[in-house]
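Structural description and commentary
Below are the chains, spelled out letter by letter.
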Amino acid sequence: AYHSNLTHVAVATKALLANSGRPPSTTSLFSEARASNATIALSQGDVLYLISAVAETHASPQEALNGALALLDNVGAADVAALAMELEAWWADFWAKSSVSLPEAPLVERFWYGAAYILALSSRPGSTAPGMYGPFATMDEMRWQGGMTLNYNAEATFYGAVASGHPELLLSFFAPIMAYARSWGGMWAKQGTIDSEVGPPAPRASCMAEPLFPAELFRCPGVYFSGHISQNNDVFGMIDNGQRTNNLFVALHFASHWLYMRDEALAASTLQPFLKSVAEFWQCYLTKSTTAPGQEYRYDSVNDCFMEQCGLPVEPRGAYGFYDPTIINTNPPQVGLELSLILLTGLEIALLRYALESLVDMSTTLGCDAELVPAWQDILDHLPASNPVETSAIWPGSRDFGLSSPPELLAIARNTIEVHLSSWHNGNGFPQIFPAAGRVVENATELLGIFQERLAATMHENMWVQQFGGGVETVGAVGYVNEILVQSHEPFIRLFAG
């Protein structure tokens, strides 16, 4: 049966003395609907444990509270001591997986470790991916409802996870995405049973046991996402901001996990089925076009846009009706590569290529869906040439641009970075602009200085970098630190780029 996505959460807290395991004496207790206060008397040498339990349910607030109290009843002082030892061992194992040493840039080194720490607090295997602010919500009404914004923000949080040696943290990203796709169809699909599990491996004949719900908004099969997964799926979740690339941004991590880890079990159960459904949508949505009769065709995207809200508004029951495939998008001509006739943006070309190349590789390795590979390869063979006219097309969406790129492309990429210089200090894009610049800039020392200036101005004592356009996503800028140390997107390993 369908369950509402409205979740009730309750927190219960108790105090125990570590040496006796008994509650301390409480001298006063005050409680009302929105606040509780207690004064606890302690003797010299007492160690006090404050133990909190959190429970959530779709049923009711009282059910959530009952669940929290039940959890709390089963925890004593000995359990806290055991948990402390378990936690110490977990962190010891976590920090043993990777490290950096930057004695000449201590602020950057502090950021790298701080980013890993914040990401680990926000996402672990078995947990769900963090929203805009992860577990650090400090008020009832957080900006953007604290949801998962899929046109960059939610993905940016994990930009540096795998390259930093922590692919296990990326697993928390997959489960809610698969559940949302299967139960809601990503966008405008029929509501069904919420499946919180990724699911068992599918039969090898087809790497997917059952199709994800269709993207009914565009009358296309496959999976498609709105711009924002919000707490009540309100207006933020009902539109895609004119960007059709949300499912490709989501697919980025499904593809990159395969490229880094080549985990066949995870590929069979999760990565390949999702990428296959993304490809199914784009096989339907893309259109073939030629510039003149008899010329080779290419694939274009219609009614599409790179920036938020600059494409044709589309609402399934609104004044615009279903999308009109005869109206071509109005992305501005992209200067420098004679791309005025190319209707796919540089980002879409990069992300489509990244996803489909990984899907073909994965399916071939797993030995499944061989009959579908030619269609995917046909799209790859007839996409416009990759172009670095958007920072996201340079990084993380592409493996095509770097210091060994042809001079004319490298010049365009550097011009792109120059055009976006405001991103160095603006309220958004921190985890995007610096890694992209790290791929192509000539003077790495100057870039590192600019990065340190940004850290000095915006990094708090708790090692979180603040920006207006998001929350925990700023940890994704660790991708820049990784890029200037080691790059592997070219046919060779490059150390200390630039």
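Above this note sits the structure.
Quick summary incoming for the structure in this document. (Residues numbered from 1 in each chain as written. Predicted model: local features only at pLDDT ≥ 70, side-chain atom pairs only at ≥ 80, totals over all residues. Heavy atoms only, no water.)

1. What to know about the overall build of the protein
Tallying secondary structure elements over the protein gives 15 helices and 10 strands in all. Of all 498 residues assigned to the protein, the portion counted as buried reaches 51%. Contacts in the protein between residues at least 24 apart in sequence constitute 70% of all its contacts with a sequence separation of at least 6. For the protein, the accessible surface area stands at approximately 23200 Å², while carbon and sulfur atoms represent 57% of it. (Helix = DSSP H or I, 4+ residues; strand = E, 2+ residues; numbered from the N terminus. Buried < 20%, exposed > 50% of the residue type's maximum accessible area, 1.4 Å probe, protein only. Contact = heavy atoms within 4.5 Å. Areas by Shrake-Rupley, 256 points an atom, 1.4 Å probe, with all protein chains shown as cover.)

2. Examining a nonpolar patch on the surface
On the surface, a nonpolar cluster with roughly 330 Å² of combined accessible area is contributed by Trp-95, Tyr-117, Leu-121 and Phe-136. Judged by relative accessible area, Leu-121 falls into the partly exposed class, the value being 34%. (Patch = residues over 30% accessible without salt bridge, like charges linked within 9 Å, V, L, I, M, F, W, Y side chains within 5 Å. Salt bridge = Lys/Arg side-chain N within 4 Å of Asp/Glu carboxyl O.)

3. A word on the pattern of salt bridges
Side chains that differ in sign of charge can pair as their charged atoms come close. For the coordinates displayed, the defined rule picks out 10 salt bridges. Salt-bridge contacts for Asp-369 lead to Lys-276; the nearest nitrogen and oxygen are separated by 3.3 Å. Of this pair, Asp-369 sits in the loop between helix 9 (346–366) and helix 10 (373–381) while Lys-276 sits in helix 8 (residues 264–285), and the two are 93 residues apart along the sequence. Considered together, Asp-369 and Lys-276 belong to a single accessibility category, that of buried residues. We note a salt bridge from Arg-414 to Glu-442, for which the minimum N-O separation is 3.9 Å. Note that Arg-414 is positioned in helix 12 (residues 407–419) and Glu-442 in the loop between helix 13 (430–440) and helix 14 (444–458), a separation of 28 residues in sequence. Several salt bridges share partner residues, and in doing so they unite Asp-93, Lys-97 and Glu-168 into one network.

4. Topic: unusual backbone geometry
Cis geometry is adopted by the peptide bond preceding Pro-396, which originates at Trp-395 and carries an omega value of 10 degrees. Relative to the elements of secondary structure, Pro-396 occurs in the loop between helix 11 (391–394) and helix 12. Located in the positive-phi region is Asp-369, a residue other than glycine, with phi close to 55 degrees. Take Asp-369: its relative accessible area is 1%, and that puts it in the buried class. Its identity is not glycine, yet Phe-496 carries a phi of approximately 55 degrees, on the positive side. Checked against the element boundaries, Phe-496 lands in the segment after strand 10 (494–495). The exposure class assigned to Phe-496 is exposed, which follows from its relative accessible area of 59%.

5. Some points on the packing of aromatic side chains
In total, this model carries 25 aromatic pairs according to the counting rule given. The interplanar angle of 55 degrees and the centroid separation of 5.7 Å between the aromatic rings of Trp-95 and Tyr-113 together place this pair among those described as tilted. Placement of the pair is Trp-95 in helix 2 (residues 77–96) and Tyr-113 in helix 3 (residues 106–122), with a sequence separation of 18 residues. For Trp-95, a relative accessible area of 31% translates into the label partly exposed. Overall, the relative accessible area of 24% leaves Tyr-113 in the partly exposed class. Both rings, one in Phe-254 and one in Phe-274, keep their centres 4.2 Å apart while their planes meet at 20 degrees; by these two values the pair is stacked. Linking Phe-254 in helix 7 (residues 246–261) with Phe-274 in helix 8, this pair joins segments that are 20 residues apart in sequence. Every member of this aromatic cluster is reached through a ring pair, and the members are Trp-90, Trp-91, Phe-94, Trp-95, Trp-112, Tyr-113 and Tyr-117. The side chain of Lys-288 reaches across the aromatic face of Tyr-297, ending 4.5 Å from its centre. Against the face of Tyr-354 rests Arg-399, its NZ or CZ located 5.4 Å from the ring centre. (Phe/Tyr/Trp six-rings, centres within 6.5 Å; stacked < 30°, edge-to-face > 60°. Lys NZ or Arg CZ within 6 Å of the ring centre and 35° of its normal.)

6. Side note on the packing of helix 3 against helix 14
Across the interface, helix 3 lies against helix 14 with an axial gap of 9 Å and an inter-helix angle of 65 degrees. Classified by the angle between their axes, helix 3 and helix 14 sit roughly perpendicular to one another. Note on packing geometry: the crossing formed by helix 3 with helix 14 is left-handed. Of helix 14, the residues touching helix 3 (which contributes Leu-107, Val-108 and Phe-111) are Leu-448, Phe-451, Gln-452, Leu-455 and Ala-456. (Axes fitted to C-alpha atoms, helices over the stretch in contact; angles between N-to-C directions. Parallel < 35°, antiparallel > 145°, perpendicular 65-115°, else oblique. Left-handed = near helix turned anticlockwise from the far one by under 90°.)

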